[in-house]
Amino acid sequence: MADQTKIIEALRNEEYFYMISHMLPDGDSIGSLLAMGEALQGMGKEVRLFTPGSIPYKYRYLNHSAKVEHEIFDNDPNITMVVLDSSDVERLGIFKDTVLKSKKIINIDHHITNQRFGTLNLVNPEAAATGEIVYDLLEELQVELNESIAESLYVAISTDTGSFKYENTTAKTHRVISSLLEYDLNPGAISQRIFDERSLPFYILLKEALSSIELYEGRRIAVMTLSKDLRERTGATTDDLEGIVNYTRNIEGVELGILFYVESASELKVGFRSKEIDVSELAGRLNGGGHIRAAGCRMQGDFESLKNKVMTEAFAVLKELQS
Ligand SMILES: [Mn+2]
């Protein structure tokens, strides 16, 4: 029996679920978590929702977001874990060990680099968002959606498609969105809240990020550098980092955009964006992962030598693209 069928059975038959999404939660992880949580509760299940780390302010208006827990919990290996939008268990942060102890782990995701750590895995890299997979599951479970489930799924799918601008957007995406819009959603208000409105510290940080840009390889690679110290000086939170890396790729003629975020003297976070290069593969060479046009990795060591290492790989993939 295919995992998807077994997952439907498990969701129908089990009584207790812990639903968990990844750290540094984004709209897809939060929206999928809230939608699926509310749907299962509506089916009479006992459900607790978890994210490692707090929910970004702009998503806190979503129904039930206040019910999401962030602390480690007592674990009973018989409780079914539903992990959403997480390519590997490391991304579960403090919940990793608890999840791995469970006898039943349902892994629902769309990252091409997903490690298939579940006892049941539903991984569909064709789906634009985990929210799209959740929509299909709820349809198969014959769950009647309501306005708040529809809004959570809308947020999940619209964020992971960059408001339907990214190339992961498909006809299927729009079919799903079309049926969600039947539930009296207000896409203008949602996109103003989720995409357009940013904090003032975000714009101050963006100014610093833009002035740090270096161009390489005939302006085909754009590199931004930020540090935790700089971020804190601007008053920006880690949420405010979201989306900044996109400004590298958006420069005319740039193929590959890189953001170096220096967390500490020995820790570096790297974000990749591209127009044609498969950056999930590039990130994979550096023990990271992600999507074809948006990926990243974390590295340990001193900044200058890590930067050299990343740039060497970046130059190599650009050369492969040209050849
Ligand atoms: Mn996602």
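Calculation notes
- Residues numbered from 1 in each chain as written.
- Predicted model: local features only at pLDDT ≥ 70, side-chain atom pairs only at ≥ 80, totals over all residues.
- Heavy atoms only, no water.
- Patch = residues over 30% accessible without salt bridge, like charges linked within 9 Å, V, L, I, M, F, W, Y side chains within 5 Å.
- Areas by Shrake-Rupley, 256 points an atom, 1.4 Å probe, with all protein chains shown as cover.
- Salt bridge = Lys/Arg side-chain N within 4 Å of Asp/Glu carboxyl O.
- Helix = DSSP H or I, 4+ residues; strand = E, 2+ residues; numbered from the N terminus.
- Pairing = 2+ DSSP bridges.
- Axes fitted to C-alpha atoms, helices over the stretch in contact; angles between N-to-C directions.
- Donors = N, O, S within 2.8 Å, 3.2 Å for Na, K, Ca; no water.
- Buried < 20%, exposed > 50% of the residue type's maximum accessible area, 1.4 Å probe, protein only.
- Parallel < 35°, antiparallel > 145°, perpendicular 65-115°, else oblique.
- Left-handed = near helix turned anticlockwise from the far one by under 90°.
- Contact = heavy atoms within 4.5 Å.
- Nonpolar A, V, L, I, M, F, W, Y, C, P; charged D, E, K, R; others polar.
- Core = buried A, V, L, I, M, F, W, Y, C linked by side-chain atoms within 4.5 Å.
- Phe/Tyr/Trp six-rings, centres within 6.5 Å; stacked < 30°, edge-to-face > 60°.

What to know about a nonpolar patch on the surface
Together, Leu-200, Tyr-203 and Ile-204 make up an exposed nonpolar region whose accessible area comes to about 300 Å². Mapped onto the secondary structure, Leu-200 falls in helix H8 (residues 200-211).

With respect to the sheet that holds strand E5 (residues 120-123)
The five strands are arranged E2-E1-E3-E4-E5 in an open sheet whose pairing can be described as parallel. Two strands in the sheet have a free side with no partner beyond their single neighbour: strand E2 (46-50) and E5. Strand-to-strand twist in this sheet, taken as the mean axis angle between neighbours without regard to direction, amounts to 15 degrees. Inspection of the sheet shows strand E3 (residues 80-84) paired to strand E4 (residues 105-109) by four bridges, in the parallel sense.

Points about the coordination of the manganese ion
The protein atoms donating to the manganese ion are Asp-28 (OD), Asp-85 (OD), His-110 (NE2) and Asp-160 (OD), with metal-donor distances spanning 2.1 to 2.3 Å. Here the donor residues of the manganese ion share one chain and are spaced in sequence as D-x56-D-x24-H-x49-D. Pair noted here: Asp-85 is in the loop between E3 and helix H3 (96-101) and His-110 is in the loop between E4 and E5, with a separation of 25 residues, a long-range link. On the basis of relative accessibility, which here comes to 1%, the residue Asp-85 falls in the buried class. When its relative accessible area of 2% is taken as the criterion, His-110 is described as buried.

A word on the packing of helix H5 (residues 147-160) against helix H7 (residues 187-196)
Running from N to C, H5 and H7 point in directions that differ by 55 degrees, and their axes come no closer than 11 Å. When the interaxial angle is binned, H5 and H7 end up oblique. In terms of crossing hand, the pair formed by H5 and H7 is right-handed. Contact with H5, carried on its side by Glu-151, Tyr-154, Val-155, Ser-158 and Thr-159, involves Pro-187, Ile-190, Ile-194 and Phe-195 of H7 and no other residues of that element. The class makeup of the residues in the contact of H5 with H7 is six nonpolar, two polar and one charged.

Here's the deal with the environment of Ile-251
Looking at the element boundaries, Ile-251 is found in the loop between helix H10 (246-249) and strand E8 (256-264). Between the alpha carbons of Ile-251 and Val-83 there is a distance of 36 Å; along the sequence they are 168 residues apart.

Brief notes about the pattern of salt bridges
Applying the stated criterion to the full structure yields twelve salt bridges. A salt bridge links Lys-96 to Glu-90; its shortest N-O distance comes to 3.0 Å. Using a relative accessible area of 48% as the deciding quantity, one classes Glu-90 as partly exposed. Put simply, Glu-267 and Arg-298 hold a salt bridge, and the shortest N to O gap is 3.8 Å. You can see Glu-267 sitting in strand E9 (residues 267-274) and its partner Arg-298 sitting in strand E11 (residues 294-300), a full 31 residues away along the chain. The class of Arg-298 is partly exposed, set by a relative accessible area of 41%. Shared partners join several salt bridges into a network, and the residues in it are Glu-281, Arg-285, Glu-313 and Glu-320.

Things to note about the nonpolar core
Leu-11, Met-19, Met-36, Val-82, Ile-108, Leu-138 and Leu-180 are the most contacted members of the largest nonpolar core, which has 47 residues in total. Among the elements that make up this core, the one with the highest residue count is helix H2 (residues 27-42) (seven residues). Leave out the neighbours within four places in its chain, and Ile-108 touches Met-36, Val-82, Val-83, Leu-84, Asp-85, Leu-122, Thr-130, Ile-133 and Leu-137. If you look at the next biggest cluster of nonpolar residues, it comprises 24 residues, including Phe-260, Leu-268, Cys-297 and Met-299.

Quick look at the sheet that holds strand E7 (residues 221-227)
The sheet built from six strands is open, its strands ordered E6-E7-E8-E9-E11-E10 with mixed pairing. The sheet is open, and its two edges are formed by strand E6 (214-216) and strand E10 (289-290), each paired on a single side. Note: E7 against E8, seven bridges, orientation parallel. The residue bridging Thr-225 from the neighbouring strand is Phe-260, located in E8.

A closer look at the packing of aromatic side chains
Under the defined criterion, the tally for this structure stands at six aromatic pairs. Relative to Phe-95, the ring of Phe-50 has its centre 5.5 Å away and its plane inclined at 65 degrees; by these criteria the two rings are edge-to-face. On the criterion of sequence distance, the pair formed by Phe-50 in strand E2 and Phe-95 in the loop between E3 and H3 is long-range, its members being 45 residues apart. A relative accessible area of 0% means that Phe-50 is categorised as buried. Residue Phe-95 is classed as buried on the basis of its relative accessible area, which comes to 0%. When the centroid spacing of 4.9 Å and the interplanar angle of 80 degrees are considered together, the rings of Phe-202 and Tyr-203 count as edge-to-face.

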